[in-house]
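# Chains, contacts and geometry: an overview
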Amino acid sequence: RLKMGRQIRAQRKGRGSVFVSHTHYRKGAAAFRNLDLAERNGYIKGVVKDIIHDPGRGAPLAKVSFRDIVRYKHNKGDRKST
């Protein structure tokens, strides 16, 4: 039986094992706010509470706090900082 050539690296990466990303220490998914009435008709002001480094991401993450337009509370979340 003849063995022709070998598997290319991209094919070996699909199997996993040593080619997996290290996601244990990631800070979380960065996302934009859901569009609500305040943002559809203008803009909304937020306060940047912290800028953190996320391993495996090129840009830093900003922890931004927005006031809720319906209830008396703050909505916090991770946003991409560019």
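Nothing here was measured: the structure is a model prediction, and the numbers come from that model.

Cut-offs used in this document
Residues numbered from 1 in each chain as written. Predicted model: local features only at pLDDT ≥ 70, side-chain atom pairs only at ≥ 80, totals over all residues. Heavy atoms only, no water. Helix = DSSP H or I, 4+ residues; strand = E, 2+ residues; numbered from the N terminus. Rg over C-alpha atoms; globule rule 2.2 N^0.38 Å. Buried < 20%, exposed > 50% of the residue type's maximum accessible area, 1.4 Å probe, protein only. Areas by Shrake-Rupley, 256 points an atom, 1.4 Å probe, with all protein chains shown as cover. Contact = heavy atoms within 4.5 Å. Patch = residues over 30% accessible without salt bridge, like charges linked within 9 Å, V, L, I, M, F, W, Y side chains within 5 Å. Salt bridge = Lys/Arg side-chain N within 4 Å of Asp/Glu carboxyl O. Phe/Tyr/Trp six-rings, centres within 6.5 Å; stacked < 30°, edge-to-face > 60°. Lys NZ or Arg CZ within 6 Å of the ring centre and 35° of its normal. Polar contact = N/O pair within 3.5 Å; in protein donor to acceptor, adjacent residues only side chain to side chain.

In this section: the overall build of the protein. A tally of regular secondary structure across the protein gives 2 helices and 3 strands. Its C-alpha atoms give the protein a radius of gyration of 21 Å, more than 25% over the compact-globule value 12 Å for 82 residues. Counting the 82 residues in the protein, one finds 18% classified as buried. Total accessible area on the protein is roughly 7700 Å²; 53% of this is exposed by carbon and sulfur atoms.

Here we come to the environment of Gly77. Here Gly77 is to be found in strand S3 (residues 74–80). On a C-alpha basis, the gap between Gly77 and Phe66 in space is 8.6 Å, while along the polypeptide they are 11 residues apart. The contact partners of Gly77, leaving out residues within four places of it in the chain, are Ala62, Lys63 and Val64.

A cluster of nonpolar residues, Leu37, Ile69 and Val70, forms a patch on the protein surface that exposes about 310 Å² of accessible area. Position of Val70 among the secondary structure elements: in the loop between strand S2 (61–67) and S3. When its relative accessible area of 65% is taken as the criterion, Val70 is described as exposed.

Further remarks concern the packing of aromatic side chains. Two measures describe an aromatic ring pair: the distance that separates the ring centres and the angle between the ring planes. Taken as a whole, this structure holds 0 aromatic pairs when the rule is applied. Between the NZ or CZ atom of Arg33 and the centre of the ring of Phe66, over which it lies, the distance is 4.8 Å.

For the rest of this paragraph, the subject is the pattern of salt bridges. Taken as a whole, this structure holds 4 salt bridges when the rule is applied. Note that Arg57 and Asp54 form a salt bridge whose closest N and O atoms lie 3.0 Å from each other. Looking at Asp54, the relative accessible area reads 1%, which means it is buried. Of the charged contacts in the structure, one is a salt bridge between Asp68 and Lys73, with a shortest N-O distance of 4.0 Å. Through salt bridges with shared partners, one network takes in Arg33, Asp36 and Glu39.

Take Ala31: it is sitting in the loop between helix H1 (9–13) and helix H2 (37–40). A C-alpha to C-alpha distance of 8.2 Å links Ala31 and Gly77, two positions 46 residues apart in sequence.

Before going further, it helps to spend a moment on the side chain of Asp68. Tracing the sequence through the fold places Asp68 in the loop between S2 and S3. Within the local environment of Asp68, its side chain forms a polar contact with the side chain of Asn75, the two groups lying 3.5 Å apart.

Let us look at unusual backbone geometry. Even without being glycine, Ser17 reaches a positive phi, approximately 55°. On the secondary structure map, Ser17 appears in the loop between H1 and H2. The exposure class assigned to Ser17 is exposed, which follows from its relative accessible area of 61%.

That's the geometry; what it means functionally is another story.
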